[in-house]
Amino acid sequence: MWSTLFRAAAALAVLLTPTIVTVTNPLQLHTHTNEHAISRRGTVANAQEHTTDVAITRSEIPRLIIYYQTTHDKSGKPISMLPLITEKNIALTHLIVCSLHINKDGDITLNDHGPTHPRYGTLWQEAQVLRGADIKIMGMIGGAAVGSFSKETLDSADETVFNRYYGQLWETIKRYGLQGLDIDVEQPMSQEGVERLILRLRKDFGQDFIITLAPVASALTTQGAKNGWNLSGFDYRKLMLAQSGKGLAFYNCQFYSGFGDAGNPNLFHQIISDNQDRALTPTKVVIGQLTSPRNGGGFVTAGTLANSITSLRDAYGQIGGIAGWEYFNGQPGGEEEPWKWAQVMTAILRPDQVPKLKVTMEMAIKLTNVWKESAAAGMREAMGGEVRVKVPALEPTVDYMAMVNA
């Protein structure tokens, strides 16, 4: 969603009993694995501390979600997502890699390149480390770029055509072990088309696979549905009553760009009130906000957001969380320290829920080498593809070795 609508989400929730997560060594850094190992988080400050596996109490709700779309800086170097687990006082629950696009007569892309492009090596390698810290790694398909849900791709009435493009999506999910998919439909799509896609994902990936939708917030209200305040074509409120809709994990609602206000609780209240007969509980509505005023219209300051969240907690007992569009330039740190947005949101939502991650020397070496390959690919493109980049000479902008604590 890199246009007038950028993207975000937030789900309001009632109080849930925290789950007990037994923490283990996360992975051996094998990309394309489908194992769901869980590990501890670590901070750079504790890099020399030898940690042991323990059981930690950690609840998913309230969720703290962030979208990761801009993967490289202006020079072509990868933007590391690991500060989201190595910096202090961050309790992220979901990271959504975006944006996947289906292209008519072509192959699936992640933004402007195939998901297997060397520039994304760091993304996929670091995603495995985050997953080891019990952060759910999801993909997002669609957004402002049209084409993924057209009558010639995933909304085709021809099952052969649908299967061709769905197969590319299936392969990407399997290849990178994505734990869920956020479906962001910002072009007309039929009711039958979205239900077919959801049911197929559920059939192929099982009940534990996280399926979410990303409507503009107004689309979930009675008035919004009647007046066309909806970018998706299909009726979300009708979908809630269908078999496919009942299995959705939550809705990542865009409370910005004129479709809602994350700093005002009124629209959230309206959504819950209008859908009481559809069993839409506060836990399934995610309030999305922009992480920076540069990302679109409707940016809300942390103080204003905190006041709104307090009001919602007073009304519902607990909230589902906050989601931010997007990572790379989040305020107050900006492009230099984008993780600070997550620190501020953690203070509002999830204090005292920050576990630690084990990082071994083997993991750090592999992360360093993959970063160099990703940087080389990104820098070649940034410089027009005419410059030869000496991979061994590149130095990562993130110190993986300083994270070693096991």
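Residues numbered from 1 in each chain as written. Predicted model: local features only at pLDDT ≥ 70, side-chain atom pairs only at ≥ 80, totals over all residues. Heavy atoms only, no water.

*Asks:* Residue-level account of the side chain of Gln168, with values.
*Replies:* Within the secondary structure, Gln168 is located in helix α3 (residues 159-175). Apart from residues lying up to four places away in sequence, Gln168 is in contact with Gly106, Asp107 and Ile108. (Helix = DSSP H or I, 4+ residues; strand = E, 2+ residues; numbered from the N terminus. Contact = heavy atoms within 4.5 Å.)

*Asks:* Explain the nonpolar core residue by residue, including any values.
*Replies:* Leu95, Ile183 and Leu201 are the most contacted members of the largest nonpolar core, which totals 95 residues. It is helix α11 (residues 361-382) that provides the largest number of residues to this core, a total of seven residues. Look past the residues within four positions of Leu95 in its chain and what remains in contact with it is Ile66, Tyr68, Met81, Leu84, Leu130, Ile135, Lys136, Ile137 and Met138. (Core = buried A, V, L, I, M, F, W, Y, C linked by side-chain atoms within 4.5 Å. Buried < 20%, exposed > 50% of the residue type's maximum accessible area, 1.4 Å probe, protein only.)

*Asks:* How would you summarise helix α9 (residues 302-316) if you had to cite specific residues and measurements?
*Replies:* Relative to the 21 Å expected for 15 residues at 1.5 Å per residue, α9 spans 21 Å between its end C-alpha atoms, a close match to the ideal helical length. All buried positions along α9 are accounted for by Leu305, Ser308, Ile309 and Leu312. One face of α9 carries all of its buried residues, which in axial projection span an arc of 100 degrees. Exposed residues lying more than 90 degrees from the buried face of α9 are Asn307 and Asp314. A positive phi of about 90 degrees marks Gly317, the residue just after α9. (Expected span 1.5 Å × (residues − 1). Arc of directions from axis to C-beta.)

*Asks:* Go over the pattern of salt bridges, please, and point to the residues and values.
*Replies:* Following the criterion strictly, the structure yields eleven salt bridges and no others. Between Asp277 and Arg278 there is a salt bridge, and its shortest N-O distance comes to 3.1 Å. Notably, a salt bridge pairs Lys340 with Glu337, separated by 2.9 Å at the nearest N-O pair. For Glu337, a relative accessible area of 31% translates into the label partly exposed. (Salt bridge = Lys/Arg side-chain N within 4 Å of Asp/Glu carboxyl O.)

*Asks:* Which residues make up the confidence of the model for the chain, and what are the values?
*Replies:* Within the chain, residue pLDDT values average 84, and 83% of them lie at 70 or more. In this model residues 1-56 is a low-confidence stretch, pLDDT under 50, and it forms 236 contacts with partners more than four residues away in sequence or in other chains. (pLDDT = per-residue confidence, 0-100.)

*Asks:* I'd like a rundown of the packing of helix α8 (residues 266-274) against α9, residues and numbers included.
*Replies:* Across the interface, α8 lies against α9 with an axial gap of 10 Å and an inter-helix angle of 30 degrees. Relative to α9, α8 is oriented roughly parallel. Only Leu312, Ala315 and Tyr316 of α9 make contact with α8, whose side of the interface consists of Phe268, His269 and Ile272. Considered class by class, the residues forming the contact of α8 with α9 number five nonpolar, one polar and no charged. (Axes fitted to C-alpha atoms, helices over the stretch in contact; angles between N-to-C directions. Parallel < 35°, antiparallel > 145°, perpendicular 65-115°, else oblique. Nonpolar A, V, L, I, M, F, W, Y, C, P; charged D, E, K, R; others polar.)

*Asks:* Give a description of the packing of aromatic side chains that names residues and reports values.
*Replies:* Taken as a whole, this structure holds seven aromatic pairs when the rule is applied. Their ring planes at 15 degrees and their centres at 5.5 Å tell us that Phe162 and Tyr166 sit as a pair that is stacked. Taken together, the residues span about one helical turn, with Phe162 and Tyr166 both in helix α3 at a distance of four residues. The burial state of Phe162 is the same as that of Tyr166; both residues are buried. When the ring centre of Phe162 is taken as origin, the NZ or CZ atom of Arg196, which lies over that ring, is 4.0 Å away. (Phe/Tyr/Trp six-rings, centres within 6.5 Å; stacked < 30°, edge-to-face > 60°. Lys NZ or Arg CZ within 6 Å of the ring centre and 35° of its normal.)

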